[in-house]
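# Report on the structure
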Amino acid sequence: MKTRHRIEWLLAAVTLAGVSAAAGIGRTITIDATQGRTQVSPSLYGIFFEEINHAGDGGLYAEMVQNRDFEINTLPGGASWAGNLLRTTNGWQERKWFGNELHGWSLVNKGSAAGFIRQDEQSPLNERNPHSLRLVVKAVGHGIGIVNGGYWGMNVQAGQWYDLSFFARTAGDANTNVGVALESASGRESHATTNIEGVGGGWRQYRCSLKAQDSDPNSRLVLTVDRPGTVWFDMVSLFPRATFKNRPNGLRPDLVRLLADLKPAFMRFPGGAIVGGMTLDNRIQWQNSIGPLEQRRGTANLWGYWTSNGLGFHEYLQLCEDLGAEALWVCNPGFSDNYRNAEIASPAQVKELVQEALDAIEYALGPANTGWGARRAANGHPAPFPLRYVEIGNEAGGDLYATNYRQFHTAIHAKYPALTLICNERLKDQAVEMVDDHKYGSPADFFGAYQQYDAADRRGPTVYVGEFGCNSGVGAGNLLAALAEAAYRLGLERNSDVVRMSSYAPLFFHVKDIQWPVNMIGFDSSRVAPRTSYFVQQMLACNRPDEILQTQVEPPAAPADVELLALAGLERKTGDLLLRVVNRTATPRTATIRCQGLAKIGSDATITTLSHDDPTAENTLDFPDAVLPLESAFAGAGAEFSYVFKPYSFTLLRLTTE
Ligand code: AHR
């Protein structure tokens, strides 16, 4: 937990009368352990991953080369160009997501060097990667080759190793030496160089490693040749060796660390709208995302960029295992995304999609002697992965969805009865185990939804709040949004007998290319900035009570008008009483806290506070520490005591019980 520690011994005897006028009218928070308790779901706090805002490519996925497969302009089946717009057969239009077909790449030529680069379809590497880059060199001059700047700069760090691989071929037997360099964006400073000799003949993979001499988060990769001729390149890939757990084709360790620090109970993947895609062909197809990189097929992402599928199904399942999280995989339900003029699968296609889902599940869970289980083992993981939930579709609905859902449910349940299957809606005529509710809106919406599930039908279905985020009227996200989410999430906790799971969305954003207004963790090539929403989740998830106690704030107020909101619960393993309080006002608020029916409360408590005088304050890459949770010690706790809650704050009081 990235917390600035501060020891703050506060006086025990702060009485209501003694509190300054600035602390405002006193309130009473009564925690009553003698009343009914709600068990809190151990799976309540999870994470949602979707390839949006470069969450994967250019983000969590540590690949440094953009458009490594030269496939960026490949259209989904059934789509065509109308000027700068992609148009699907169902009339959905999407803006062009690349500058030119070699987006990310350019020619570098020095002195009298002469030549050009083109995207090429001749003699492809394989049918899944039909395009390559053709470099034609007429004169070498002072150097000629190709350059890639990555995703807004490559982060190169002194002393670190970088592993490059690429496929190349030449016409006939001609061969060339390929110079490899990591250098500054201007090309003036060289950070590392090496050379691969004898590149030529048919398609072959070449590899080399470079150790950087300098640090530069805005570096680029340059490949040069040393003689005239033609060279084709494909699948040019550069990874830092220091990925998370040093895995090849791995993930950025700083971003994984942030996820691990949330202690997520589960991780949802692959989305979100991309589960449906712009067309059925454009849906995320898990089989295209496993195995050797050159055998994977990328996808034109409906969020406006090319997705390599390098962070594929296997890497996702591996990450779940690494995080100690259960996997929640979402399958396509027989149509493309509902908000993009859905393309409907025929009954025969629905059958194929059901089989596609069964195959994915077998890849994750099947013994190594099953077809897909064997593929998983061949890909390096003989043991099953922790897949526990399958959601059928994303934000889908209507009669057709209900019909398809039944088919998926029947087939999956017959083979994998232990899986929890999640439905997008409460269906009229068939039983649903768990339903996925989504919620986006303003702070008022989120504060007002504190009691949203109080009246939920306890007979079922259980609820997974699969996407939520306070993203309206809060700029790019701010403390007020996070406080509203804290209130909402406490509302979910106190209804956790029904609301079993929840995940904020979206998870990541690259600050240079944002498709969704408000997200949880910002980053660029080298820096990270978890937003205040992140810290609210961390405070809650890492201090999750096992049971909620009746908690009353007086004088009472309607959720929409509430100024001070409180919820207490007990943590079984420590016996600690966890009191979480949101003060949404601009002034300090004093409360007398009364604990009834509990064993003796110790006087020493630990307090964690997320607050700022300005509710629009937020962490950014330049000021990542603007609002952080502060931990302090408090010596004034007991069966009845007073505490002053800071303006615009979310506070966790960890009280010990005997
Ligand atoms: O979280 C961003 C998007 O919001 C998801 O892709 C979609 O499911 C929802 O509409």
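Everything below is about the structure shown above.
A few points on the structure. (Residues numbered from 1 in each chain as written. Predicted model: local features only at pLDDT ≥ 70, side-chain atom pairs only at ≥ 80, totals over all residues. Heavy atoms only, no water.)

Core analysis: the biggest nonpolar cluster contains 115 residues, and Leu60, Tyr316, Trp329, Phe508 and Phe650 have the highest contact counts within it. The greatest single-element share of this core, amounting to 10 residues, is contributed by helix 7 (residues 479–493). In this view, Leu60 contacts Phe49, Ala55, Gly250, Leu251, Arg252, Leu255, Val256, Leu259, Leu311, Leu319 and Phe508; residues no more than four positions away in its chain are not counted. (Core = buried A, V, L, I, M, F, W, Y, C linked by side-chain atoms within 4.5 Å. Buried < 20%, exposed > 50% of the residue type's maximum accessible area, 1.4 Å probe, protein only. Helix = DSSP H or I, 4+ residues; strand = E, 2+ residues; numbered from the N terminus. Contact = heavy atoms within 4.5 Å.)

Here we take up the environment of Ala33. When you line up the elements, Ala33 lands in the loop between strand 2 (27–32) and strand 3 (38–39). Along the backbone, Ala33 and Asn246 are 213 residues apart, and their C-alpha atoms lie at a distance of 48 Å. Excluding residues within four positions of it along the chain, Ala33 makes contact with Leu549, Gln596, Gly597 and Leu598.

Side chains that carry opposite charge are capable of pairing whenever their charged atoms lie near each other. In total, this model carries 34 salt bridges according to the counting rule given. Residue Arg268 is joined to Asp436 by a salt bridge in which the shortest nitrogen-to-oxygen separation is 3.1 Å. In this pair, Arg268 sits in strand 19 (residues 266–269) while Asp436 sits in strand 25 (residues 434–441), placing the two residues 168 residues apart along the sequence. Relative accessible area serves as the criterion here: at 0%, Arg268 is assigned to the buried category. (Salt bridge = Lys/Arg side-chain N within 4 Å of Asp/Glu carboxyl O.)

Right, let's get into the site of the ligand. Taken together, the neighbourhood of the ligand is formed by Glu50, Gly272, Ala273, Trp303, Asn394, Glu395, Tyr440, Glu467, Ala505, Pro506 and Trp516. Contact between the ligand and Tyr440: an oxygen atom at 2.8 Å from a side-chain N or O atom of the residue. Considered on its own, the ligand offers 280 Å² of accessible surface; in the complex 92% of this is hidden by protein. A class-by-class count of the residues in the shell around the ligand yields 6 nonpolar, 2 polar and 3 charged. (Near = heavy atom within 4 Å. Polar contact = N/O pair within 3.5 Å; in protein donor to acceptor, adjacent residues only side chain to side chain. Areas by Shrake-Rupley, 256 points an atom, 1.4 Å probe, with all protein chains shown as cover. Nonpolar A, V, L, I, M, F, W, Y, C, P; charged D, E, K, R; others polar.)

Take helix 4 (residues 371–378) next. Within helix 4 the residues assigned to the buried category are Trp372, Gly373 and Arg376. What you see down the axis of helix 4 is that its buried residues fit within an arc of 105°, all on one side. Across from the buried face of helix 4, at angles greater than 90 degrees, the exposed residues are Gly371 and Ala378. Turning to helix 4, the residues buried within the fold contact helix 2 (313–323) and helix 3 (347–365). (Arc of directions from axis to C-beta.)

What follows deals with the packing of helix 3 against helix 4. Look at helix 3 against helix 4: their axes get within 7 Å of each other, and the N-to-C directions meet at 50°. By the angle between their axes, helix 3 is oblique relative to helix 4. Our pair here, helix 3 against helix 4, has a crossing hand that is right-handed. Residues Asp359, Glu362, Tyr363, Ala364 and Leu365 of helix 3 form the contact with helix 4, whose participating residues are Gly371, Trp372, Gly373, Arg375 and Arg376. Here the contact of helix 3 with helix 4 is built from residues that sort into 4 nonpolar, 2 polar and 4 charged. (Axes fitted to C-alpha atoms, helices over the stretch in contact; angles between N-to-C directions. Parallel < 35°, antiparallel > 145°, perpendicular 65-115°, else oblique. Left-handed = near helix turned anticlockwise from the far one by under 90°.)

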